[in-house]
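Breakdown of the fold
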Amino acid sequence: MQDYIMEIKNLKKYFKLKENIFSKAKYVRAVDDVTFSVPRGSTYAVVGESGSGKTTLGRTILRLIDASAGEIIMDNKNVLDLSKKEFMEYRRKMQMVFQDPYNSLHPKKLVKTIIGEGMKIHFKGIKETEIRKRIAEVLNEVGLREEHMFRYPHEFSGGQRQRIAFARAIILNPNFIVLDEPTSALDVSVQAMVLKMLKDIKKREDLSYLFITHDLSVVDYLADHVAVMYLGEIVEKGPKSKVFNNPAHPYTELLLNSNPIPDPFTDRERIEVKGEVPNPINPPSGCRFHTRCRYAENICSEKKPEEEIVSEEHTNRCHFSLV
Ligand SMILES: Nc1ncnc2c1ncn2[C@@H]1O[C@H](COP(=O)(O)OP(=O)(O)OP(=O)(O)O)[C@@H](O)[C@H]1O
Ligand SMILES: [Mg+2]
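Residues numbered from 1 in each chain as written. Chains lettered and ligands numbered in written order. Predicted model: local features only at pLDDT ≥ 70, side-chain atom pairs only at ≥ 80, totals over all residues. Heavy atoms only, no water.

Overview of the overall build of the protein chain
Assigned secondary structure in the protein chain consists of ten helices and twelve strands. For 323 residues, the compact-globule estimate of 2.2 N^0.38 gives 20 Å, and the protein chain sits close to it at 21 Å. Seen along its three principal axes, the alpha-carbon backbone of the protein chain occupies a region of about 65 × 50 × 45 Å. Sorting the 323 residues of the protein chain into buried and exposed places 49% on the buried side. Across the protein chain, every contact between residues at least 6 apart in sequence was considered, and the portion connecting residues at least 24 apart equals 64%. A total accessible area of about 16,200 Å² is found for the protein chain, and carbon and sulfur atoms account for 48% of it. In the protein chain, 49 side chains carry a positive charge and 45 a negative one; their mean positions are 7 Å apart. (Helix = DSSP H or I, 4+ residues; strand = E, 2+ residues; numbered from the N terminus. Rg over C-alpha atoms; globule rule 2.2 N^0.38 Å. Buried < 20%, exposed > 50% of the residue type's maximum accessible area, 1.4 Å probe, protein only. Contact = heavy atoms within 4.5 Å. Areas by Shrake-Rupley, 256 points an atom, 1.4 Å probe, with all protein chains shown as cover. Lys, Arg positive; Asp, Glu negative; His and termini not counted. Charge placed at Lys NZ, Arg CZ, Asp CG, Glu CD.)

Looking at the site of ligand 1
What surrounds ligand 1 is a group of 13 residues, the closest being S50, G51, K54, T55 and T56. In this structure, T55 approaches ligand 1 through a side-chain N or O atom, which is 2.8 Å from an oxygen atom. Contact between ligand 1 and T56: an oxygen atom at 2.5 Å from a side-chain N or O atom of the residue. If ligand 1 stood free it would expose 640 Å²; the protein chains cover 63% of that surface. (Near = heavy atom within 4 Å. Polar contact = N/O pair within 3.5 Å; in protein donor to acceptor, adjacent residues only side chain to side chain.)

A word on the sheet that holds strand β12 (residues 314-316)
An order of β6-β7-β8-β3-β9-β10-β12-β11 is seen for the eight strands of this open sheet, with the pairing classed as mixed. Edge positions in the open sheet fall to β6 (94-97) and β11 (308-311), since each of these has one partner strand only. Sheet twist, expressed as the mean angle between neighbouring strand axes with direction ignored, is 20°. Pairing of β6 with strand β7 (residues 176-180) involves four bridges; the strand directions are parallel. Note that in β7 the partner of Q95 across the bridge is I177. The sheet strands contacting helix α2 (residues 84-93) are β6 and β7, and the helix crosses β6 at an angle near 50°. (Pairing = 2+ DSSP bridges. Axes fitted to C-alpha atoms, helices over the stretch in contact; angles between N-to-C directions.)

Some details on helix α3 (residues 111-122)
Residues of α3 that are buried: V111, K112, I114, I115, G116, G118 and M119. Where the residues of α3 are buried, they touch α4 (128-141) and α5 (158-170).

Observations concerning the packing of aromatic side chains
For the structure shown, the criterion picks out six aromatic pairs. Seen from their ring centres, Y14 and Y27 are 6.4 Å apart, and the 50° between their planes marks the pair as tilted. Separated by 13 residues along the polypeptide, Y14 in strand β1 (residues 4-16) and Y27 in strand β2 (residues 27-39) bring together distant segments of the chain. Overall, the relative accessible area of 24% leaves Y14 in the partly exposed class. For Y27, a relative accessible area of 36% corresponds to the partly exposed category. Grouping aromatic residues by their ring pairs yields a cluster made of Y230, Y251 and F289. Above the ring of Y90, the side-chain terminus of K93 is found at 5.2 Å from the ring centroid. A cation sits over an aromatic face here: K199 above Y221, 4.1 Å from the ring centre. (Phe/Tyr/Trp six-rings, centres within 6.5 Å; stacked < 30°, edge-to-face > 60°. Lys NZ or Arg CZ within 6 Å of the ring centre and 35° of its normal.)

Quick look at the environment of S68
Here S68 lies in the loop between α1 (54-61) and β4 (69-74). Linking S68 and K13, residues 55 residues apart in sequence, is a C-alpha distance of 4.8 Å. Filtering out sequence-adjacent residues up to four positions away, S68 remains in contact with K12, K13 and Y14. Here Y14 takes part through its backbone nitrogen, which lies 2.7 Å from a polar atom of the side chain of S68.

Let's talk about unusual backbone geometry
Negative phi characterises most residues that are not glycine, and trans characterises most peptide bonds. Residue R63 is not a glycine yet carries a positive backbone phi of 60°. Its location among the elements puts R63 in the loop between α1 and β4. Taking relative accessible area as the criterion, R63 reaches 23% and is therefore assigned partly exposed. One non-glycine residue with positive phi stands out, namely E313, at about 70°. Along the chain, E313 falls in the loop between β11 and β12. Residue classification places E313 among the partly exposed residues on the basis of a relative accessible area of 41%.

Concerning the sheet that holds strand β5 (residues 77-78)
Read from one edge to the other, the open sheet built from four strands follows the order β2-β1-β4-β5, with strand pairing classed as antiparallel. On the outer flanks of this sheet lie β2 and β5, each paired with one strand and no other. In this sheet, β5 lies alongside β4 in antiparallel orientation, the contact comprising two bridges. Looking at the pairing, I73 lines up with N78 of β5. Of the strands in this sheet, β1, β2 and β4 are in contact with α1, which crosses β1 at around 115°.

Below, the structure is given as structure tokens:
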């Protein structure tokens with residue numbers, strides 16, 4: 001039986017918009033009934049256009065924001081039901097690295113404070129020398145040097161800052177890290193080095209990643225599994241090789257065609273991206289993708305497609321599956 005580090009079941013996050021006394025309350029359905037499981041030790045990628053709900057999903061999973069409904073199962077417990085005290089331990093096990101290396105590190109704090117803070121919170125009374133030793137260890141692990149702990153974030157490049165953010169994430173030996181577009185603000189050559197570091201560290205430590213990105217070549221390099229999100233919903237998910245080689249959902253096909261990945265996709269017919277992403281406050285009826293889908297027929301606006309199994313572990317939500 002597959003061993004999962006985390007199982008997300010029917011997770012929802014609706015943002016309530018400011019009410020007007022004359023109108024009914026409106027909600028942004030940022031994450032709408034999302035279900036997937038992350039195999040232990042894997043890199044699970046979440047892809048989709050801007051506004052599809054990727055960041056909201058990551059933040060909800062880590063309880064940085066409250067879920068509206070659903071379950072997040074880790075070690076046979078629903079993370080959403082944990083008491084504050086129980087949640088402290090989970091906080092240690094689950095970390096997040098954000099997209100923007102310039103805003104995610106406190107500008108007035110030394111690197112050693114930024115990286116070591118978590119240790120002080122989680123290991124009350126720990127000696128300063130112990131903390132320093134561990135900081136030196138993780139700095140080495142992310143490809144920086146011990147003396148870097150006495151510098152401020154502005155003394156580092158973007159790539160180095162992401163290494164610092166990653167050092168902060170791994171110092172407590174987590175087993176699950178949400179990486180939200182960790183390399184998208186970096187130059188391509190720097191991105192490649194940071195991605196390699198992420199891959200190497202995952203191999204050494206017993207880590208699993210939820211990797212949020214809109215860059216399919218990054219998914220191709222790093223991920224074992226992939227979920228494709230559209231307007232808050234997962235439309236297709238499965239092992240990367242299956243989803244990339246045999247996309248079953250027209251939206252996945254569209255993404256693959258509009259994102260250049262070196263072989264095997266270069267020979268495909270290019271599809272124009274028709275129209276803008278619709279408003280998530282008032283998503284299209286039936287299949288949310290029908291307004292942009294080149295295969296859409298009447299049923300697509302009338303009935304929401306059920307999730308269907310394409311092949312082992314590969315699922316799809318479409319009335320006219322491509323495979
Ligand atoms: N705090 C909030 N209040 C209201 N709406 C929000 C809030 N945070 C996010 N949203 C909305 O939820 C939807 C999903 O946003 P989210 O940031 O999760 O998308 P994303 O897939 O991460 O996009 P990007 O690729 O641009 O980072 C968007 O329509 C966004 O405007
Ligand atoms: Mg985002």
